[in-house]
Structures are given as C-alpha cells and as structure tokens.
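# Close look at the chain arrangement
Now for the letters of each chain:
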Amino acid sequence: MFKKILVAVDGSKSSFKAMDKAIELQKLTEAEIYLICVYKHHSLFEASLSIERPEGVNIPDKALSEYAKDVVNHAKEKAGEKGAVKVRGFVKAGRPSSVLVKFAEEKGVDLIVVGTRGTHSDKDGIFLGSVSHRVASRAKCPVLVV
C-alpha cells in the first residue's frame, strides 16, 4: 500500500493531527514517515533592508530555519512517543505548497498528509487552508487532509 508518507508539520494543532493520522497508517502499512517543515524564504531585497546589523541579530532565514528545525525535532520526538518507527525529518525553504509537491515527487512519496489549516490561517473559516488546497490540487500522489 504505502511505503513513504510525507507529513507537513508547522507546529499547529492541525499539523500534529495530520502526523497522528500518518502514524496510524504507518502501523498498518509499515511505511516510512517523512516529516517536513517548510519556512518561507525571504528575498535578498528583504534581507538587505538593513545593510548594517548589530552583532547577534539573525537574518530572517536563519531564525526561521532554526525554528523549523525545532518544529521537526519536536514532531519526531512526539512521533516516537506514539510508537512511530522509521521517521525522518526535513527542513526546506520556499513556498510551502510548491516545496511539498516537489519534495514528494523527488522522494517517491506515496501519500502526503496535511492538516486542514496551518499556523497562519483563519480558525473560524469553513474552507481549506491555502497550502492544503494547493497541495491537494497539484500533487501527483494521493493527499489526505486531516
């Protein structure tokens, strides 16, 4: 059935629900789980707005990358506590929906699992979040929206 399951994690409750569902599927299929956190890359223009920086101040990409690593490590830890095995973590920069679809194709992923809404979405909305909607419409493999 499934051999590789990609789960998008961003620290939101919705993404951890998606991870829980992937763990359930892993127990049925013995698939490998790939946890990925994608942070939005800042342009060189944005990074150059302040040419001279005080020491110890990180540019946005570095801070976002560190946060994404923390999210993935926390998710891997939680997955292990819930009985998941064969879990790998990844951090990528870029537009989340595009990165998820491309990563899934490159790694030969059989299923992408995403939450309905991420950390920056309207909690009272009735529609899918923009990332989950784009991934579901562009991915070549099945997408489970939790």
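Quick note: structure is the one above.
In this text the structure is predicted, and so the values were computed from the model without any measurement.

Attention now goes to the nonpolar core. Most often, soluble globular proteins keep nonpolar side chains buried together rather than apart. One finds Ile-5, Val-7, Val-9, Met-19, Ile-33, Leu-35 and Val-113 to be the most contacted residues of the largest nonpolar core, which totals 24 residues. Those elements giving two or more residues to this core turn out to be β1 (4–8), α1 (13–29), β2 (32–39), α3 (60–81) and β4 (111–114). In this structure, Val-113 is in contact with Ile-5, Leu-6, Val-7, Ala-8, Ala-18, Ala-22, Leu-144 and Val-146, ignoring residues within four places of it in sequence. Val-38, Phe-90, Ile-112 and Val-135 belong to the second largest nonpolar core, which has 17 residues in total.

For the structure on display, the rule yields six salt bridges. Across the salt bridge formed by Lys-82 and Asp-20, the nearest N and O atoms sit 3.0 Å from each other. Here Lys-82, found in the loop between α3 and β3 (87–93), pairs with Asp-20, found in helix α1; they are 62 residues apart in sequence, far enough to count as distant. Its salt-bridge partner being Glu-24, residue Lys-21 comes within 3.3 Å of it at the nearest N-O pair. Of the two residues, Lys-21 and Glu-24 are both situated in helix α1; the distance of three residues between them amounts to about one turn of the helix.

In this section: the pairing of β1. Of all five residues that make up β1, four are buried, and the element is covered over most of its length. Of the strand pairs in this sheet, β1 and β2 are connected by five bridges, and their pairing is parallel. Among the inter-strand pairings, Ala-8 is bridged to a residue of β2, identified as Ile-36. What joins β1 to β2 is α1, and the crossover it makes is right-handed.

Criteria and thresholds
- Residues numbered from 1 in each chain as written.
- Predicted model: local features only at pLDDT ≥ 70, side-chain atom pairs only at ≥ 80, totals over all residues.
- Heavy atoms only, no water.
- Core = buried A, V, L, I, M, F, W, Y, C linked by side-chain atoms within 4.5 Å.
- Buried < 20%, exposed > 50% of the residue type's maximum accessible area, 1.4 Å probe, protein only.
- Helix = DSSP H or I, 4+ residues; strand = E, 2+ residues; numbered from the N terminus.
- Contact = heavy atoms within 4.5 Å.
- Salt bridge = Lys/Arg side-chain N within 4 Å of Asp/Glu carboxyl O.
- Pairing = 2+ DSSP bridges.
- Right-handed = clockwise from strand over helix to strand, strands pointing away.

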